[in-house]
Amino acid sequence: MKLPITMIVNGETWPLDVEPNEVLLDVIRNRVGAKGAKIGCERGDCGTCTVLFDGRSIRSCLMLAVEADGHEIITVEGIPENGVLSNLQDLFISHNSFQCGFCAPGIVLGAHELLRDNPNPSRHDVQHALAGNLCRCTGYEPILDAVMAAAEEARS
Amino acid sequence: MTITRRPFETDTDERELTFVGKSPTRIDGLEKVSGAARYVDDFDFGPDLLFAEIVEAPHAHALIKRIDTARAEAVPGVVKVVTGADFPFGFGLYMKDRFVFAQDRVRFVGEQVAAVVARDEGIAKRAAKLVEVEYEVLPPVFDPVFAATEEAPLLHPDLADYPHVPWFFPHEGTNIAHWRKTRKGDVEEGFAEADLVLEDTYEVPRYAHCAIEPHVVVSLYDRAGRLTMWSASQSPYTQRHVIAEALAPLGLTHQQIRVITPYVGGGFGGKAGVSMEIMGAALATAVQGHPVKLRFTREQEFYNTYQRQGLKARIKVGVKNDGTILAVEHTMHWDAGAYVEYGANVVNAAGLSASGPYRVPNIKIDALCVYTNLPPGGPYRGFGYSEFNFGLESHMDRIARRLGMDPVAFRRKNAIVEGDTLAYGEKMNPSGLLECIDKVAAAIDWGTKETSDDPHKVVGKGFALMWKAPAMPPNASSSSFLKFNEDGSINVTVSGMELGQGYLTVMAQIVAEVLSVPPEKIRIETPDTDRNPYEWQTVASHVTWGCGQAVEAAAVEAREKIFEVVHRVHGYEEDSLFLRNEAVRCATDPDFELPLRDFVIAGLETDDGSYRGGPIVGSGMFMPEFTSAKSDPETSQGGHPNVHYTVGAAGVVLEIDRQTGKMHIRKTALAVDAGKAINPDLVIGQIVGGLVQGLATVLYEDMRWGEDGRLLNPTFTDYKIPTSLDIPDEIIPIIVEVPQPDGPFGARGVGEHTMIPAAPMIANAVEDALGIRITSMPVTAEKVALSLWEGEA
Ligand code: FES
Ligand code: FES
């Protein structure tokens with residue numbers, strides 16, 4: 001039995017019919033087509049499926065699509081404003097923060113949320129905020145450097 | 001072309017480099033932070049896409065008596081159920097000991113026995129549970145030392161019949177799939193002359209790669225009989241080749257197979273060669289006309305892709321009182337798992353190099369590749385060197401301490417240098433090992449004791465060396481095509497993979513340097529075997545060095561064509577022409593400046609209105625023609641198996657809580673001799689990322705096995721890889737540059753090397769701090785605390 005839901009993804013309204021057991025991550029990827037959210041573990045461990053749910057980062061592999069009815073979802077595709085990358089994204093590029101890049105969408109969203117809520121984070125705050133986003137390639141250092149640089153630029 | 005004239009060999013030092021040795025940002029950076037980068041699972045394949053689910057063996061060792069697929073086939077939505085009987089084909093990269101699906105026997109828990117293809121994932125999963133398999137359980141064997149004995153159950157009775165490369169030596173009637181013996185001098189004489197001989201054993205368990213993107217392959221066997229595969233792979237061409245060979249009985253040929261490899265979400269060796277992808281290919285042929293997706297779960301990722309092999313090593317080293325190493329004997333039993341088609345070459349590589357980066361007159365290495373009933377071992381960043389280096393570099397530290405010598409001074413005294421004779425008789429290449437040692441020692445204030453304000457905490461320092469050579473067949477080759485566009489920008493095709501290491505950026509920098517076109521105007525696509533030229537594989541840390549030479553050759557060929565057409569039209573001698581800022585210039589006519597975009601497609605107009613030239617293209621290839629795997633099987637003398645070694649050193653300042661064993665890295669430094677860092681920032685990325693991955697194997701990661709051979713912790717909840725909270729306080733990356741004479745601009749590979757010294761450096765720091773020696777990995781807090789309590793009890 002399919003259930004009608006409506007969610008707003010990256011500012012667009014999406015009326016959809018979903019099965020009660022359909023996972024939000026799968027719906028975002030396969031029905032909405034926002035492929036930035038990635039499948040890494042499907043059990044809440046890795047953070048590649050991170051999206052902003054009414055502004056808060058959540059693991060979309062752990063949420064059912066029906067729970068998103070009436071809510072607002074932002075994926076990495078929704079971070080640029082008017083097609084312009086955020087300053088944080090630019091700094092991730094200039095710091096060569098990512099290698100394979102598979103963790104990047106989740107980390108962009110997690111770091112975006114952190115800087116929005118805490119414009120003046122310590123390096124440890126950043127480490128804490130991103131502790132749920134696994135990266136196997138970089139050793140995290142260039143990611144942390146870019147987030148700290150973004151915070152610094154926002155202050156100056 | 002291949003490069004016959006080395007354009008930068010003589011003038012690298014004097015010539016100002018514009019793009020090489022600089023750190024332009026990655027050319028794939030924008031795609032990756034914007035979500036534009038596409039990985040295999042991100043492509044849509046339409047409504048006729050089917051999904052596959054694997055039926056897995058619950059036993060580590062058993063005979064398959066009967067498989068009944070009827071109940072699964074009856075499930076609505078199931079399109080096809082296949083078993084080993086449908087694909088009785090062996091395959092393998094270096095030894096054909098593996099099967100698409102198990103035939104009469106299963107050899108590890110999780111081995112693929114059958115597969116269900118259905119219209120959606122849920123149906124496939126449910127139906128797979130309905131496939132009935134009857135087994136006759138056999139005794140399994142997990143310990144490689146026991147498995148190598150005659151009493152052990154025999155896992156591959158057909159070992160003698162498996163085709164394999166000529167440099168493997170299987171022992172028929174045993175579980176020893178390959179035995180690499182290396183002999184130099186006479187170790188017995190060396191031990192007899194030694195003032196101190198130390199012997200001990202070291203144990204290294206298995207590890208998982210944990211690339212964050214799971215393995216996934218989508219395969220379409222279309223109605224015209226062409227097989228196209230979208231594969232998360234490090235090895236598009238090798239996949240095509242291995243699959244074409246294995247599935248030839250179905251009528252597939254190389255020409256009929258196309259492998260497309262978009263961005264890959266981490267590899268670390270786990271996506272090299274062919275593992276689960278061959279199932280995808282086989283399943284596609286069973287459902288012609290429908291694309292079929294096979295995506296591994298995180299759990300399958302742990303237990304049914306390559307794992308890093310386990311190792312039990314016995315090391316015996318003899319030294320003089322002055323610290324001179326006289327003899328090294330290293331006997332390694334490798335837990336290679338159920339199939340060794342790739343893993344046996346890991347063992348082979350270790351068997352040639354397990355005396356480490358030292359000058360040793362007498363060497364005896366035995367590397368035994370032993371079948372066990374655990375998942376197939378295979379390539380993992382470090383390719384055997386991380387494993388043997390734990391024991392070797394632990395052992396060298398202990399010897400120095402016994403001699404009353406400073407461990408760094410001991411290493412410095414014995415460090416291998418250019419021209420020293422290697423274990424297999426060849427000469428060592430140019431090497432900056434001494435510089436690496438000195439710089440790391442300085443970076444961690446070696447020789448100065450550090451303390452903690454907390455009375456429960458002690459601080460120790462640890463040091464370790466590393467080296468590694470690419471392990472490649474002697475004919476592993478690379479090639480490249482290059483073309484100009486109307487605006488003077490360039491497209492390059494290669495079939496090396498961007499695994500995250502920054503390969504595409506580095507290739508662009510090489511082209512940029514030769515053709516004076518900035519990297520941001522150079523587009524390099526990920527591989528497609530129908531369009532991109534051949535590359536053996538993206539493994540062995542060889543693509544910067546090997547494919548870099550092919551790319552350089554393609555750029556040089558294009559440059560020569562440019563000069564040739566300018567000469568024809570303008571009359572300048574080709575030798576007087578050079579490129580600068582995307583234009584042709586002339587040494588004898590400073591006023592001459594011809595922008596590339598004016599003619600690289602359109603050609604040059606002559607006085608009569610006709611044109612000369614045309615679209616400029618270049619091609620290049622590279623094969624290390626000086627290598628050979630032919631050597632005496634009893635001694636390994638006589639061949640030239642390795643192209644060169646990359647060397648380095650690392651050190652750590654480690655704080656340990658005596659009560660809990662918890663370790664905290666205050667500072668760690670790693671120096672690697674990159675030959676020439678084409679992009680220093682990307683080399684630093686390899687140092688930091690690789691070091692953290694290496695530290696994870698020693699501090700956190702710990703596979704737990706049930707007595708039945710089942711992996712107990714196949715999740716990130718229970719198999720801990722580092723998070724952003726688990727990194728050292730300070731990492732000091734150090735790049736040393738002693739040029740590799742045949743490398744592009746002097747470069748050699750560094751990708752794998754950076755994890756190799758991590759484990760022994762920690763064990764050495766633990767001894768420095770606490771006086772206890774841990775000889776098995778991982779060196780977890782738990783193990784440190786237990787050893788301390790034992791010592792105190
Ligand atoms: S896929 Fe959701 S946390 Fe890993
Ligand atoms: S860049 Fe590869 S997982 Fe983070």
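Residues numbered from 1 in each chain as written. Chains lettered and ligands numbered in written order. Predicted model: local features only at pLDDT ≥ 70, side-chain atom pairs only at ≥ 80, totals over all residues. Heavy atoms only, no water.

Draft legend 1. Just the overall build of chain B, in detail. Of the regular secondary structure elements, chain B holds 17 helices and 30 strands. In summary, chain B has a C-alpha radius of gyration of 27 Å against a globular reference of 28 Å for 793 residues, a match within 12%. For chain B, the proportion of its 793 residues judged to be buried stands at 65%. Summarising the internal contacts of chain B: among those between residues at least 6 apart in sequence, 79% fall at separations of at least 24. Accessible surface computed for chain B: about 26600 Å², of which carbon and sulfur atoms make up 49%. The positive charge centre, built from 75 side chains, and the negative charge centre, built from 109, are 2 Å apart in chain B. (Helix = DSSP H or I, 4+ residues; strand = E, 2+ residues; numbered from the N terminus. Rg over C-alpha atoms; globule rule 2.2 N^0.38 Å. Buried < 20%, exposed > 50% of the residue type's maximum accessible area, 1.4 Å probe, protein only. Contact = heavy atoms within 4.5 Å. Areas by Shrake-Rupley, 256 points an atom, 1.4 Å probe, with all protein chains shown as cover. Lys, Arg positive; Asp, Glu negative; His and termini not counted. Charge placed at Lys NZ, Arg CZ, Asp CG, Glu CD.)

Draft legend 2. Fine view of the overall build of chain A. Tallying secondary structure elements over chain A gives five helices and five strands in all. The order of α-helices and β-strands along chain A, N terminus first, is β-β-α-β-β-β-α-α-α-α. Its C-alpha radius of gyration of 16 Å places chain A within 12% of the 15 Å reference for a compact globule of 156 residues. Viewed in the frame of its principal axes, chain A has a C-alpha envelope of about 50 × 30 × 20 Å. Out of the 156 residues belonging to chain A, those deemed buried represent 57%. Within chain A, contacts between residues separated by at least 24 positions form 53% of all contacts whose residues are at least 6 apart in sequence. Only carbon and sulfur atoms are counted for the fraction: they give 50% of the accessible area of chain A, which is about 6100 Å². Positive and negative side-chain charges of chain A, numbering 12 and 21 respectively, have mean locations separated by a distance of 6 Å.

Draft legend 3. Local environment of the packing of helix α10 (residues 385-403) of chain B against helix α16 (residues 758-770) of chain B. All names here are of chain B. Between α10 and α16, the shortest axis-to-axis distance is 8 Å and the interhelical angle comes to 30°. At the point where α10 passes α16, the crossing takes the right-handed sense. Facing Asn389, Phe390, Glu393, Ser394, Asp397, Arg398 and Arg401 of α10, the residues of α16 in contact are Ala759, Pro760, Ala763, Asn764, Glu767 and Asp768. (Axes fitted to C-alpha atoms, helices over the stretch in contact; angles between N-to-C directions. Left-handed = near helix turned anticlockwise from the far one by under 90°.)

Draft legend 4. Quick peek at helix α7 (residues 277-286) of chain B. Where burial is concerned, most of α7 of chain B is hidden: nine out of the 10 residues are buried. Within the span of α7 of chain B, buried status applies to Glu277, Ile278, Met279, Gly280, Ala281, Ala282, Leu283, Ala284 and Thr285 of chain B.

Draft legend 5. Region of the structure containing the nonpolar core. The biggest cluster of nonpolar side chains holds 239 residues, and the ones touching the most others in it are Phe92 of chain A together with Phe484, Leu515, Ile562, Val584, Ile762 and Val766 of chain B. Counting residues in each nonpolar core, the second largest holds 35 residues, with Phe89, Phe101, Val117 and Ala284 of chain B among its members. (Core = buried A, V, L, I, M, F, W, Y, C linked by side-chain atoms within 4.5 Å.)

Draft legend 6. Here's a closer look at the pattern of salt bridges. In the structure shown here, the tally under the stated rule is 62 salt bridges over all chains. For aspartate 41 of chain B, the salt bridge identified is with arginine 29 of chain A, shortest N-O distance 3.4 Å. One end of the pair, aspartate 41 of chain B, is in the loop between α1 (29-34) and β1 (50-56); the other, arginine 29 of chain A, is in helix α1 (residues 24-32), on a second chain. By relative accessible area, which is 10% here, aspartate 41 of chain B ends up buried. The exposure class of arginine 29 of chain A is buried, given its relative accessible area of 2%. Glutamate 564 of chain B is paired through a salt bridge with arginine 568 of chain B; the nearest N and O atoms lie 3.4 Å apart. On the criterion of helical spacing, the pair formed by glutamate 564 of chain B and arginine 568 of chain B is a turn pair, its members being four residues apart in helix α14 (residues 543-570). Where salt bridges share partners, they join Arg29, Lys38 and Glu42 of chain A together with Asp41, Asp42, Glu121, Lys293 and Arg295 of chain B into one cluster. (Salt bridge = Lys/Arg side-chain N within 4 Å of Asp/Glu carboxyl O.)

Draft legend 7. Structural detail: the sheet that holds strand β2 (residues 62-68) of chain B. Residue and element names in this part refer to chain B. Spatially, three strands are ordered β6-β2-β8 in an open sheet, and the strand pairing comes out antiparallel. Edge strands, defined here as strands with exactly one partner in the open sheet, are β6 (105-106) and β8 (132-137). By the bridge criterion, six bridges tie β2 to β8 in an arrangement that is antiparallel. In the sheet register, arginine 66 faces β8, and the bridge partner there is glutamate 134. (Pairing = 2+ DSSP bridges.)

Draft legend 8. Broad picture of the confidence of the model for chain B. The pLDDT averaged across chain B works out to 97; a share of 98% of its residues lies at or above 70. This stretch, residues 1-14 of chain B, has a pLDDT under 50; its non-local contacts, to residues over four places away or in other chains, come to 30 contacts. (pLDDT = per-residue confidence, 0-100.)

Draft legend 9. Main features of the sheet that holds strand β19 (residues 478-484) of chain B. All names here are of chain B. What the four strands build is an open sheet, ordered β21-β20-β19-β27; its pairing is mixed. For this open sheet the edge positions go to β21 (522-525) and β27 (617-622), each flanked by a neighbour on one side alone. Taking each pair of neighbouring strands and ignoring which way they run, the sheet shows an average axis angle of 20°. Pairing of strand β20 (residues 490-493) with β21, which is carried by four bridges, proceeds in the parallel orientation. Bridge pairing in β21 places asparagine 491 opposite arginine 523. Contacting β19, β20 and β21, helix α13 (residues 503-515) runs over the sheet at an angle of about 140° to β21. Of the strands in this sheet, β19 and β27 touch α14, which is tilted by about 145° from β27.

Draft legend 10. The side chain of lysine 271 of chain B, seen in detail. All names here are of chain B. In this structure, lysine 271 sits in the loop between β13 (257-260) and α7. At 2.7 Å, the side chain of lysine 271 and the backbone oxygen of glutamate 213 are in polar contact. Polar side-chain contacts of lysine 271 include one of 2.8 Å to the backbone oxygen of glycine 266. Setting aside its immediate chain neighbours within four residues, lysine 271 contacts Ala211, Glu213, Pro214, His215, Ala232, Ser233, Gln234, Ser235, Val264, Gly265 and Gly266. (Polar contact = N/O pair within 3.5 Å; in protein donor to acceptor, adjacent residues only side chain to side chain.)

Draft legend 11. Up close: the interface of chain A and chain B. Between chain A and chain B, the residue contacts involve 40 residues of the former and 53 residues of the latter. Contact between chain A and chain B buries roughly 3800 Å² in total, counting both sides, with carbon and sulfur atoms accounting for 57%. Counting the surface chain A buries against chain B, the share from its top three residues, Asn96, Gln99 and Arg136 of chain A, is 22%. Linking chain A to chain B there are seven salt bridges. For the salt bridge of lysine 38 of chain A with aspartate 42 of chain B, the shortest nitrogen-to-oxygen distance reads 2.8 Å. One can count 27 residue pairs in polar contact (both at pLDDT 80 or more) joining chain A with chain B. Within the residue set of the side of chain A that touches chain B, elements represented by two or more residues are α2 (87-94), α3 (104-117), α4 (123-129) and α5 (141-155) of chain A. A total of four residues in the side of chain A that touches chain B trace back to one element, the largest contributor, which is α2 of chain A. For the side of chain A that touches chain B, a count of residues per class yields 18 nonpolar, 13 polar and nine charged. (Buried area = accessible area lost by both parts, 1.4 Å probe. Nonpolar A, V, L, I, M, F, W, Y, C, P; charged D, E, K, R; others polar.)

Draft legend 12. Spotlight on the packing of aromatic side chains. Residue and element names in this part refer to chain B. Inspection of the entire model under this criterion finds 21 aromatic pairs over all chains. A centroid spacing of 6.2 Å and a plane angle of 35° characterise the contact between phenylalanine 87 and phenylalanine 101, whose relative ring orientation is tilted. With phenylalanine 87 in the loop between β3 (78-83) and β4 (90-91) and phenylalanine 101 in the loop between β5 (98-99) and β6, this residue pair connects regions lying 14 residues apart in the sequence. Here the two residues phenylalanine 87 and phenylalanine 101 agree in accessibility, since each one is buried. Three or more aromatic residues joined by ring pairs form one cluster here, namely Tyr94, Trp167, Phe168, Tyr306, Tyr342 and Phe383. Seen from the ring of tyrosine 263, lysine 32 lies directly overhead, with NZ or CZ sitting 4.7 Å from the centre. Taking the ring centre of tryptophan 179 as reference, the NZ or CZ of lysine 181 above it sits at 4.9 Å. (Phe/Tyr/Trp six-rings, centres within 6.5 Å; stacked < 30°, edge-to-face > 60°. Lys NZ or Arg CZ within 6 Å of the ring centre and 35° of its normal.)

Draft legend 13. A look at the packing of α2 of chain A against α5 of chain A. Residue and element names in this part refer to chain A. At a closest axis distance of 9 Å, the pairing of α2 and α5 adopts a crossing angle of 135°. One element, α2, and the other, α5, form an angle in the oblique class. Judged by the sense of rotation from one axis to the other, the crossing of α2 with α5 is right-handed. Packed against α2, whose contacting residues are Asn87, Leu88, Leu91 and Phe92, the element α5 presents Ile143, Ala146, Val147, Ala149, Ala150 and Glu153 at the interface. (Parallel < 35°, antiparallel > 145°, perpendicular 65-115°, else oblique.)

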